[in-house]
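Below, each chain spelled out in residue letters.
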Amino acid sequence: MSELKKLTGDIISRLKSAKRIAALTGAGVSAESGAPTFRGEEGLWNNYRAEDLATPEAFERDPALVWRWYDWRRNLIAPLKPNPGHNALAMFEKMFENFTLVTQNVDGLHRVAGSENPVEMHGNIWLTRCLRDGTVKENRETPLKEIPPRCSDCGAMVRPHIVWFGESLDPAVISRAFKAAQGAEVFFVIGTSGVVQPAASLAGLAKNNGATVIEINLEPTPLSYQVDATLLGPSGRILPEIVSVIKG
Ligand code: OAD
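First, a word on what this report is: a plain description of the structure on this page. Computed from a predicted model, the values in this text were never measured in an experiment. (Residues numbered from 1 in each chain as written. Predicted model: local features only at pLDDT ≥ 70, side-chain atom pairs only at ≥ 80, totals over all residues. Heavy atoms only, no water.)

**Examining the pairing of strand β1 (residues 20-25)**
The condition is simple: Buried means the residue's accessible area, taken with a 1.4 Å probe over protein chains only, is under 20% of the maximum for its type, while exposed means over 50%, and partly exposed covers the values in between. A run of H or I in DSSP counts as a helix once it spans at least four residues, and a run of E counts as a strand once it spans at least two, with each numbered from the N terminus. Strand pairing requires that DSSP identify at least two bridges connecting the strands.
Along β1, 5 of the 6 residues are buried, which leaves the element largely enclosed by surrounding structure. Sheet analysis places β1 next to strand β2 (residues 98-103), joined by 6 bridges and oriented parallel. Across the sheet, residue L24 finds its bridge partner in β2, namely V102. With 5 bridges connecting them, β1 and strand β7 (residues 186-190) associate as parallel partners. Bridging across to β7, T25 finds its partner in I190.

**Let's talk about the packing of aromatic side chains**
Just so we agree on the cut-off: Pairing of aromatic rings covers Phe, Tyr and Trp, the last counted by its six-membered ring, and requires centre-to-centre distances within 6.5 Å; plane angles under 30 degrees mean stacked, over 60 mean edge-to-face, and any other angle means tilted. Sitting over a ring, as applied to charges here, requires NZ of Lys or CZ of Arg to be within 6 Å of the ring centre and within 35 degrees of the ring normal.
In this structure the tally under the stated criterion is 12 aromatic pairs. A centroid spacing of 5.5 Å and a plane angle of 40° characterise the contact between F38 and W45, whose relative ring orientation is tilted. Consider the rings of F59 and W164, whose centres lie 5.3 Å apart with planes at 40°: the pair is tilted. You can see F59 sitting in helix α5 (residues 56-61) and its partner W164 sitting in the loop between β6 (158-162) and α9 (171-183), a full 105 residues away along the chain. Here the aromatic residues F38, W45, Y48, F59, W69, Y70, W72, W164 and F165 are joined through ring pairs into a cluster of three or more. Over the face of the ring belonging to W164 we find R159, whose NZ or CZ atom lies 3.9 Å from the ring centre.

**Points about the site of the ligand**
Going by this rule: By convention in these notes, a residue is near a molecule or strand provided one of its non-hydrogen atoms lies within 4 Å of it. A 3.5 Å cut-off defines polar contacts: any pair of N or O atoms within that distance qualifies, except that in protein one atom must be a possible hydrogen donor and the other a possible acceptor, and neighbouring residues in sequence count only when both atoms are side-chain atoms. Computed with a 1.4 Å probe, the accessible areas rest on the Shrake-Rupley method; for each residue, only the protein chains presented here act as cover. Definitions used for this entry: grid spacing 1 Å over protein atoms alone; cavity, a set of points where a 1.4 Å probe fits but cannot get out; pocket, an open set with protein on both sides within 12 Å along at least 5 of 7 lines; lining residue, one with an atom within 4 Å of a point. A cavity or pocket is said to hold a molecule if more than half of that molecule's atoms lie within 2 Å of its grid points. Each residue gets one label: Ala, Val, Leu, Ile, Met, Phe, Trp, Tyr, Cys and Pro are nonpolar, Asp, Glu, Lys and Arg are charged, and the others, such as Gly, are polar.
Around the ligand, the structure places 23 residues, and the nearest of them are F38, R39, T192, S193 and N217. Interatomic distance of 2.6 Å between a side-chain N/O atom of T192 and an oxygen atom of the ligand. Contacts to the ligand include N217, whose side-chain N or O atom sits 2.6 Å from an oxygen atom. Within the complex, 93% of the 790 Å² of free accessible area of the ligand lies under protein. Placement of the ligand is best described as lying within the largest pocket. Looking at the shell around the ligand, its residues break down into 9 nonpolar, 11 polar and 3 charged.

Interpretation note: all reported values are geometric properties and have no functional meaning in isolation.
Here it is as structure tokens:
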């Protein structure tokens, strides 16, 4: 049975008529491109300790170690291509009058697929931030020639422009994400385990403000009980099917 049979007639007509749609994505959306997720058997946090690599304290203790890990991840991500799930979400931007894509992913693959202005809640692995004055710059060098890398303007050390555990999100970014969830008529939550805040609260926020919430994941998550439908399967297969339903 196609998972899309779980979408009732009401949900489908809402999807077809909605003007304001938003989606939250997580690592699962990039899994079919070859990017490792964070949790689960093969997940990064199963093999590495977040507190050694993704906290401000870890960076203060050993910036070279943290940068070597990010260099490894950058090398892994650099050759990856967007998959049909990324492409379908880029299409959503053209299909709906008002579509906001919010992502926890730092790999930049949504932009490569053509999504124009994704809200990158956790930053971007291709951006660095100068420790002296906070200047954010793109850096696509793989592998990095110098670890830790330095600011090309002032020579100070730079850090990955990524939100680490224990750090606050950029208020402008939170505000865009919350506004999108609050105003959405339909909200998708795709390929995320739904355990990292504040991203995980967006589905509930959308629901409390009247949105129809549709989850896409390989398995049920802690968010499943609060959504209108959970479609079980790979987002790279299910999202293109949703595009066809909306167009049909
Ligand atoms: P997780 O690794 O926690 O969860 C990935 C989710 O994707 C799981 O629920 C999987 O079942 C699901 N999944 C895997 N493959 C899929 C596929 N092909 N189609 C659909 N779903 C699939 O990743 P996130 O929820 O994104 O933070 O993790 C949230 C944050 O925790 C990340 O942004 C990262 C991490 O620490 C930072 O780096 C700051």
